[in-house]
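In case you want the letters, here they are:
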Amino acid sequence: MPNKYKQFGVFSAVALSILVLLLSFNVSFAENTDSTHTEYPEGETESQVNTHEVAPENEKFNAGKLIIEHISDAYDWHIAGHIAIPLPVILYSDKGFDIFMSSAFEHGHAIYKGKQNYALKEGHIKVVNDNGEENEEATSQLWDISITKNVASLFVSLALMLWIFLTVAKAYARNPGKAPKGLQSWVEPMIIFVRDDIAISAIGEKKYKKYLPFLLTAFFFIWINNLMGLIPLAPGGANVTGNIAIAMTLAIIVFVITVFSGNKNYWRHIVAMPGVPVGVLALLTPIEIIGVFLKPFVLMIRLFANILAGHIIALSFFSLIFIFAEMNTGLGFGVSILSIAFTVFMGMLELLVAFLQAYVFTLLAAMYFGSAVEEHHHEEHH
Amino acid sequence: MELVKPAFGLIFWMCVSFGIIVFILKKFAWTPILTMIKEREESIENALGAAEKARLEMASLKSSNEKILAEARLERDVILKEAHEIKDSIVNEAKSKATQESDKIISSARETINNEKMAAITELKNQVATLSIEIAEKILKSELSNNDKQKTLVKSMLEDVKLN
């Protein structure tokens, strides 16, 4: 066994260093695109020139812009350099559905004419008139359910999850009662971990079964998406779990499950904590009611902030290289050694955080469920 | 602020796809996997239980074997002891019988000897009587060989017989 761990250690170290290298390339490509964009006004071959404002020729490397672009959602999936995969845009308004590929916007330089006129402004799709002026009223009535970079990445992760767990389920069906093999032996300890150390320990032996499918799915969903976010190459690299919409949806699901599985005992403890004087109750009950909403809110913030921070830190270290390289090429090389060393360290940390956040989220969710279904068993206290 | 503004599209797709994935995984992955793990755990538990039971049975078998052995040993001892007793009793009986027999023989011998002795004594007595008669005859013959002597004798005899 120890030999396997050692191999894994070596493997992860190699993977990380590759990751780090690729990340640095990605950043450099991104920077290239920025600079090429700024060159458009001069190049006669570019067709979008007319829509582009004239920018200063030597635009400074903008680390903040780069980082924000990396961690926010987008309508196309930037792979490397000029290569980007267009993704479907799906819009719904009272005029009906409009479905087209994001390439129709030509990186925000063109207007797409569907049932309405759409344009991409500052990363958002707006309804515009023929002159490209925004129609704010129509925009506010627009339902945007496009397959963005994050949605596509979400689908990839979910497909990966489906593949992993259906394969594992098949392996179980194939050799029942035997020791786990391959993928099965990688997944099984995690499943048992979620079952024993999260579900059973937080909810209790009697009622954990009902919540286990959600807890397992949430745990692996967060973990796999966190890990995918660490991979800079195309199917990964998106900031899925570090996106507030994803974290919010997960937290809302936890909230809904908690509220709907809350028993009489749970609500009584919130509305009127037994054995507490009325005067204190006036203070305690509002706090408890706020707590019901605060708990999932904190759950959301924790996941969102942790993963987002990880992405920002990794990108910041790389941005340092270019910031220093702009001052002096030699300095850039010098800093790159330091930056890569730091990013390797951060990568290790992020591997841990990826697991830890999945664990913490699932554990806290399980504890909320546990408190909601807890039986009234401490009679002697009141 | 862009970062903390949840996008509707992402929430929509997340709800749809997460719901679907929970459903699919629950039906086709979690339920069978957890059932299998549970079954395997139970079978391992059972196997361990059975092994423990077998171990206990083995131990009880061993102890019962030992018990049987001890009983056999005890029985052997009893039998040996009995045999010893029987031997002793036989020997003793034989001894007592022999003593009795020898006593009987000795006593009968003694009786015979006594009888013989008596017979011998009687015969001796008879012999002595005959001899003394013969001696007396001879003495009488010699004493009464002349008249003087006969007269003296009669005289002495008469003297002995005192007339009252």
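For clarity, every value in this text was computed on a predicted model and none was experimentally measured.

Trainee: Account for the packing of aromatic side chains, with residues named and values stated.
Mentor: Counted according to the given criterion, the structure contains 27 aromatic pairs over all chains. By way of ring pairs, the aromatic residues Phe165(A), Trp186(A), Phe193(A), Phe219(A), Phe220(A), Trp223(A), Phe355(A), Tyr359(A) and Trp30(B) are connected into one cluster.

Trainee: Tell me what's going on with empty space enclosed by the protein, and back it up with residues and numbers.
Mentor: Where empty space is left can be seen by rolling a probe of water-molecule size over the atoms. Residue and element names in this part refer to chain A. Overall, the coordinates contain two cavities of 30 Å³ or more when judged by the stated rule. Taken as a whole, the largest cavity spans an internal volume of roughly 80 Å³. In terms of lining, the largest cavity is formed by Val254, Phe255, Thr258, Val259, Tyr266, Val292, Lys295, Pro296, Tyr368 and Ser371. Put simply, the parts of the chain that give the lining of the largest cavity at least two residues each are helix 7 (244-261), helix 9 (278-327) and helix 10 (329-373). Considering each element in turn, the lining of the largest cavity owes the most residues, four residues, to helix 7. Roughly 40 Å³ of volume is contained in the second largest cavity. Lining the second largest cavity, in full, are Asn226, Leu230, Ile307, His311, Glu350, Val353 and Ala354.

Trainee: Explain the confidence of the model for chain B to me, and be specific about the residues and the numbers.
Mentor: Looking at chain B, the pLDDT average stands at 89 and 98% of residues meet or exceed 70. Scored by ipTM, the complex comes to 0.77, with pTM at 0.71.

Trainee: Please set out the pattern of salt bridges residue by residue, giving values where relevant.
Mentor: In the structure shown here, the tally under the stated rule is six salt bridges over all chains. Close ionic contact of Glu69(A) with Lys65(A) constitutes a salt bridge, the shortest N to O distance being 3.8 Å. On the criterion of helical spacing, the pair formed by Glu69(A) and Lys65(A) is a turn pair, its members being four residues apart in helix 2 (residues 63-71). Judged by its relative accessible area of 42%, Glu69(A) is partly exposed. Arg195(A) is the salt-bridge partner of Asp196(A), the closest N and O atoms lying 2.8 Å from each other. Several salt bridges share partner residues, and in doing so they unite Arg195(A), Asp196(A) and Glu41(B) into one network.

Trainee: Which residues make up a positive patch on the surface, and what values do they have?
Mentor: Residues and elements named next belong to chain A. A grouping of Lys170, Arg174, Lys178 and Lys181 is seen on the molecular surface, where their side chains present a positively charged patch. Note that arginine 174 resides in helix 4 (residues 149-174). Residue class for arginine 174 comes out exposed when judged on its relative accessible area of 65%.

Trainee: Residue-level account of the domain arrangement of chain A, with values.
Mentor: By a frequent convention, interface size equals the accessible area lost on bringing the separate parts together. All names here are of chain A. For chain A, the domain assignment lists domain 1 (3-21 + 150-373) and domain 2 (32-68 + 84-148). At the junction of the two partners, domain 1 supplies eleven residues and domain 2 supplies ten residues. Both faces combined, the contact of domain 1 with domain 2 buries some 810 Å², and carbon together with sulfur accounts for 71% of it. The largest share of the area that domain 1 buries against domain 2 comes from Val151, Ser319 and Glu326, three residues that together contribute 44% of it. Applying the counting criterion to the domain 1 and domain 2 interface returns zero salt bridges. Our count for the domain 1 to domain 2 interface comes out at three residue pairs in polar contact (both at pLDDT 80 or more).

Reading guide: rules and limits
- Residues numbered from 1 in each chain as written.
- Chains lettered and ligands numbered in written order.
- Predicted model: local features only at pLDDT ≥ 70, side-chain atom pairs only at ≥ 80, totals over all residues.
- Heavy atoms only, no water.
- Phe/Tyr/Trp six-rings, centres within 6.5 Å; stacked < 30°, edge-to-face > 60°.
- 1 Å grid on protein atoms, 1.4 Å probe; cavity = no way out; pocket = protein on both sides within 12 Å on 5 of 7 lines; lining within 4 Å.
- Points joined across faces, edges and corners; volume = space filled by probe spheres on them.
- Helix = DSSP H or I, 4+ residues; strand = E, 2+ residues; numbered from the N terminus.
- pLDDT = per-residue confidence, 0-100.
- Salt bridge = Lys/Arg side-chain N within 4 Å of Asp/Glu carboxyl O.
- Buried < 20%, exposed > 50% of the residue type's maximum accessible area, 1.4 Å probe, protein only.
- Patch = residues over 30% accessible without salt bridge, like charges linked within 9 Å, V, L, I, M, F, W, Y side chains within 5 Å.
- Areas by Shrake-Rupley, 256 points an atom, 1.4 Å probe, with all protein chains shown as cover.
- Lys, Arg positive; Asp, Glu negative; His and termini not counted.
- Charge placed at Lys NZ, Arg CZ, Asp CG, Glu CD.
- Domains from an automatic or database assignment.
- Contact = heavy atoms within 4.5 Å.
- Buried area = accessible area lost by both parts, 1.4 Å probe.
- Polar contact = N/O pair within 3.5 Å; in protein donor to acceptor, adjacent residues only side chain to side chain.

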